[in-house]
Structures are given as C-alpha cells and as structure tokens.
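The lines below spell out each chain.
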Amino acid sequence: MPRLDVQGLTRRFDGHAVVRDVSFQVQAGQVACLLGPSGCGKSTTLRIVAGVDIQDSGRILVDGRLICDGRTRVPPERRGIGLMFQDFALFPHLPVRENVAFGLAGGWKANRDRVAELLDRVRMTRHIDSYPHELSGGEQQRIALARALAPRPGVLLMDEPFSGLDERLRDGIRDETLALLKEEGTAVLLVTHEPHEAMRMADQILLMRDGRIVQQGAPYNLYNAPVDRQAAGFFSDINVLTGRVQGALTDTPFGQFLTPGLPDGAEVDIVIRPQHLKIDFDRAGQGPAPTPENGTAALARVRRARYLGRESLVEFATDEGAITLNATVPGVFLPPEGTPMWLMLRRDRVLVFPRG
Ligand SMILES: Nc1ncnc2c1ncn2[C@@H]1O[C@H](COP(=O)(O)OP(=O)(O)OP(=O)(O)O)[C@@H](O)[C@H]1O
C-alpha cells in the first residue's frame, strides 16, 4: 500500500484550474519530487496535501486512510504529515532542543532521547543549547529537518527546502538530508524547480506543466526518454534540428532518421543533448565515413569555444549558418573560431518528437 496516495486532484482559482487531475503515489522510504517551472501548480498541490488548501475534486489517502475528499477533511495536525518549508521558520526564542521537540507531546524534557538521537544524526549535538540566530543557514536547515522528523511523520512535505542555502553547500546538505530521510523510512514529497535537485534527490520525478503531471518516473527515464521536446529541454540545453517526414524517414545533414507512424509532410524535431554530439577533425575536406552508431557526419565551423571547468562548450554552425549546434566535451577543448570540424549525432541518444 502506498504511504501517500493522491488521486485526481483539481484546484481552481477564479475558474482557472491551476492543478488539473493530478495523481501520484509515494511509497515509504521514497522521495518523489514535484518538478516544474514557476507557477505550474507544485506548491498548490503540496498545500492541498498538507491540508492548508482544499481541492475542488480528488482525494488523498495516507496509509490507506482517507484524509480528504469532497466530504471528509482531516485537519492538518492530524494527518501524520510533517512540513518543511524554504525559510525553515525555526522559533527564534527557543533553543535548538526545544525547537526539535516542538511537535512532540511533553516537549524536550519528555523526549530527550529522540532529540539527542536526531541531533546526533544531523551532527548538531554540540548546538543543543544554541539559539537559531547563533547558527549558520546550513545548520538551521539541519535543525529544521530534525524538527520535522522528530514526531516520525509517515509523510514529509518539503517545499524548496534548500533554496535559501549557499549554492556550494547545497549538494552536501542534499546528500545528508537524503541519507537521513532514507534511514527514517519517511515518504517524502519535495517541491523544486531545479532539475539538478530532482535528479539528485528523487526516486520518482513528477514533472508538472500548467497544472498537470506531464511525465512521471525515475530520473533516468525522464532524462533519457522525455515525453516531449519541452520535457527534454527542461533537464539540459538541447540541440534541435527540424525536418519533414517522407516515407517514415526524415532527411537531415546528419543522415536520415526513422520517424515511423507519422504522415508524409509532418514536421518533426530531432533533439540531441550537447554531450551526445561526436566531433572529428577535418582531413583536407574529408570527414569520417558514416556508421550505424553515429550516422553521417556533417561539416561545421567553430563559432565560439568556452571552458566551463569540468567541460568545454563549443558552438558550431554549418557553412551556410543554417544550423547551429552546441557540443560539450569533457576537460579542455578550445578550438579557434572558424576551425572546420565534422559533427555526428549519437543515434542511440537522438530523440524524435512530432512538432506540436
Ligand atoms: N490563493 C490563490 N489565489 C489565486 N491564485 C493562486 C493562489 N495560489 C496560487 N495561485 C496561482 O496558481 C498558480 C500556481 O501556483 P503555485 O504556487 O502552485 O505554483 P508553483 O509551481 O509552486 O510556483 P512557484 O515555484 O513559483 O511557487 C499560479 O498562477 C498562482 O498565481
């Protein structure tokens, strides 16, 4: 049985649906990330699950128990759901120990062991008597996490929990948070607009657009088998070639691509991520021979090359400038502007979408 079961949620504001028929499940010990651009309905979905907003239709179950539908509405504090929001909202007048014990009956005195256990797990034991203003942002975040987990909620809702932190700290804190969430076995629903964060944290990504979940699955599936061009472009920069179907094939300067099931004349987008271009040097106007793995090579010239640290980003344009393509190459690769090179597209990594 799923820990959290959301079925057909719809929420309208002034007649406009901002959450549309949203359904998903989260198992115990799993992290599901609601991912999407600003305004797509992520926070509204979270607020309905928390019980601070009410859906127009749909229902929510926690461990099989109905917590809200058209008639029933269990109040937020009796849902067995914990919350953690981006500003942490620690109580400034309470020391760390009282903050962590806040949701526990009997307060800190009756729950010393649980508070001590959690502070140990988030490596904050020595700050047990500190006040929030004496802590760094990252330390406050760890206390907020301990506080949210103290009552052992079956479900934890997190709304952009890392956005207030210094970029350099975030990955470390994400990993620590994930380890603790997994140990506790909580079902987590995390809202984020950052694909990197969702890829790093999620067992399951729920990709939202205009109030709907357009795709859900493991990070690997969303990255490698995106449902449409927009979904592909959400996870990284993409290169797009456009073409027209003729006899279930589409012609491009990089050879023909199979485009089965589409009528003649249909327009298609052929999408490839910058790391999946292959580059070869020019040998007196000659490029590499076509292969089944990489198709036909096309000649292009370097427009600009930049070093980004872990990789280099090289912009290419075909001779007439008709097509521009970005390639990323690990390490340092900075060919001068105008250098002719042959480009190929890794066939196993090419994505083809009908133009919508
Ligand atoms: N109480 C409200 N009254 C009217 N409109 C609202 C209300 N709450 C949210 N909305 C609208 O619903 C839409 C979705 O908002 P929501 O906060 O859920 O999006 P989001 O994906 O979480 O975006 P963000 O990441 O910017 O918070 C927005 O267009 C917002 O203006």
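Residues numbered from 1 in each chain as written. Predicted model: local features only at pLDDT ≥ 70, side-chain atom pairs only at ≥ 80, totals over all residues. Heavy atoms only, no water.

A. Structural detail: the sheet that holds strand β11 (residues 239-246). Spatially, the five strands line up as an open sheet ordered β13-β12-β11-β14-β20, and their pairing is antiparallel. In this open sheet, the two edge strands, each paired with only one partner strand, are β13 (255-258) and β20 (351-354). Neighbouring strand axes in the sheet, compared pairwise and without regard to direction, differ in orientation by 35 degrees on average. Across six bridges, the pairing between β11 and strand β14 (residues 267-272) is antiparallel. Across the sheet, residue Asn239 finds its bridge partner in β14, namely Ile272. (Pairing = 2+ DSSP bridges. Helix = DSSP H or I, 4+ residues; strand = E, 2+ residues; numbered from the N terminus. Axes fitted to C-alpha atoms, helices over the stretch in contact; angles between N-to-C directions.)

B. Expanded view of the side chain of Thr252. Structurally, Thr252 can be placed in strand β12 (residues 249-252). Overall, Thr252 belongs to the buried group, its relative accessible area being 13%. From its side chain, Thr252 meets the backbone nitrogen of Phe254 in a polar contact 2.9 Å long. Separated by 2.9 Å, the side chain of Thr252 and the backbone oxygen of Gly255 make a polar contact. (Buried < 20%, exposed > 50% of the residue type's maximum accessible area, 1.4 Å probe, protein only. Polar contact = N/O pair within 3.5 Å; in protein donor to acceptor, adjacent residues only side chain to side chain.)

C. Region of interest: the packing of aromatic side chains. By the definition in use, this model includes four aromatic pairs. Relative to Phe102, the ring of Phe91 lies with its centre 4.3 Å away and its plane at 40 degrees, an arrangement referred to as tilted. With Phe91 in the loop between β6 (81-85) and α2 (96-100) and Phe102 in the loop between α2 and α3 (107-110), this pair connects stretches of sequence that are eleven residues apart. Owing to a relative accessible area of 26%, Phe91 belongs among the partly exposed residues under this scheme. Pairwise contacts between aromatic rings join Tyr223, Phe234 and Phe235 into one cluster. When the ring centre of Tyr223 is taken as origin, the NZ or CZ atom of Arg273, which lies over that ring, is 4.0 Å away. (Phe/Tyr/Trp six-rings, centres within 6.5 Å; stacked < 30°, edge-to-face > 60°. Lys NZ or Arg CZ within 6 Å of the ring centre and 35° of its normal.)

D. Region of the structure containing the pattern of salt bridges. Enumeration over the complete set of coordinates arrives at 27 salt bridges. Through salt bridges that share partners, Glu167, Arg170, Asp171, Arg174, Asp175, Glu194, Glu197 and Arg200 make up one connected network. (Salt bridge = Lys/Arg side-chain N within 4 Å of Asp/Glu carboxyl O.)

E. Up close: the sheet that holds strand β1 (residues 4-13). Strand order across the open sheet formed by four strands is β2-β1-β4-β5, with antiparallel pairing between neighbours. What marks the edges here is a single partner per strand, and that holds for β2 (16-26) and β5 (65-68). Strand-to-strand twist of the sheet, defined as the mean angle between neighbouring strand axes without regard to direction, takes the value 30 degrees. Looking at chain direction, β1 and β2 are connected through seven bridges and run antiparallel. Looking at the pairing, Arg12 lines up with Ala17 of β2. Relative to β1, helix α1 (residues 42-50) is tilted by about 120 degrees, and along the sheet it contacts β1, β2, β4 (57-62) and β5. (Contact = heavy atoms within 4.5 Å.)

F. The environment of Ala28, seen in detail. By the element assignment, Ala28 lies in the loop between β2 and β3 (31-35). On the basis of relative accessible area, Ala28 is assigned to the partly exposed category, the value being 43%. Counting along the chain gives 242 residues from Ala28 to Ile270, while the straight-line C-alpha distance between them is 39 Å. Residues contacting Ala28, with those up to four places away along its chain left out, are Arg3, Gly185, Thr186 and Ala187.

G. Representation of the environment of Arg355 in the model. Tracing the backbone through its elements, the reader meets Arg355 in the segment after β20. Between the C-alpha atom of Arg355 and that of Ile270, which follows or precedes it by 85 residues, the distance is 9.5 Å. Excluding residues within four positions of it along the chain, Arg355 makes contact with Arg229, Thr242, Glu267, Val268 and Asp269.

H. The site of the ligand, seen in detail. Around the ligand sit Phe13, Val18, Pro37, Ser38, Gly39, Cys40, Gly41, Lys42, Ser43 and Thr44, and that is every residue in its neighbourhood. Between an oxygen atom of the ligand and a side-chain N or O atom of Ser38, the distance comes to 2.6 Å. The contact in question runs from an oxygen atom of the ligand to an N or O atom on the backbone of Gly41, over 3.0 Å. Starting from 630 Å² of accessible surface for the ligand in isolation, the protein chains cover 55%. A total of three residues in the shell around the ligand trace back to one element, the largest contributor, which is α1. Broken down by class, the residue content of the shell around the ligand amounts to four nonpolar, five polar and one charged. (Near = heavy atom within 4 Å. Areas by Shrake-Rupley, 256 points an atom, 1.4 Å probe, with all protein chains shown as cover. Nonpolar A, V, L, I, M, F, W, Y, C, P; charged D, E, K, R; others polar.)

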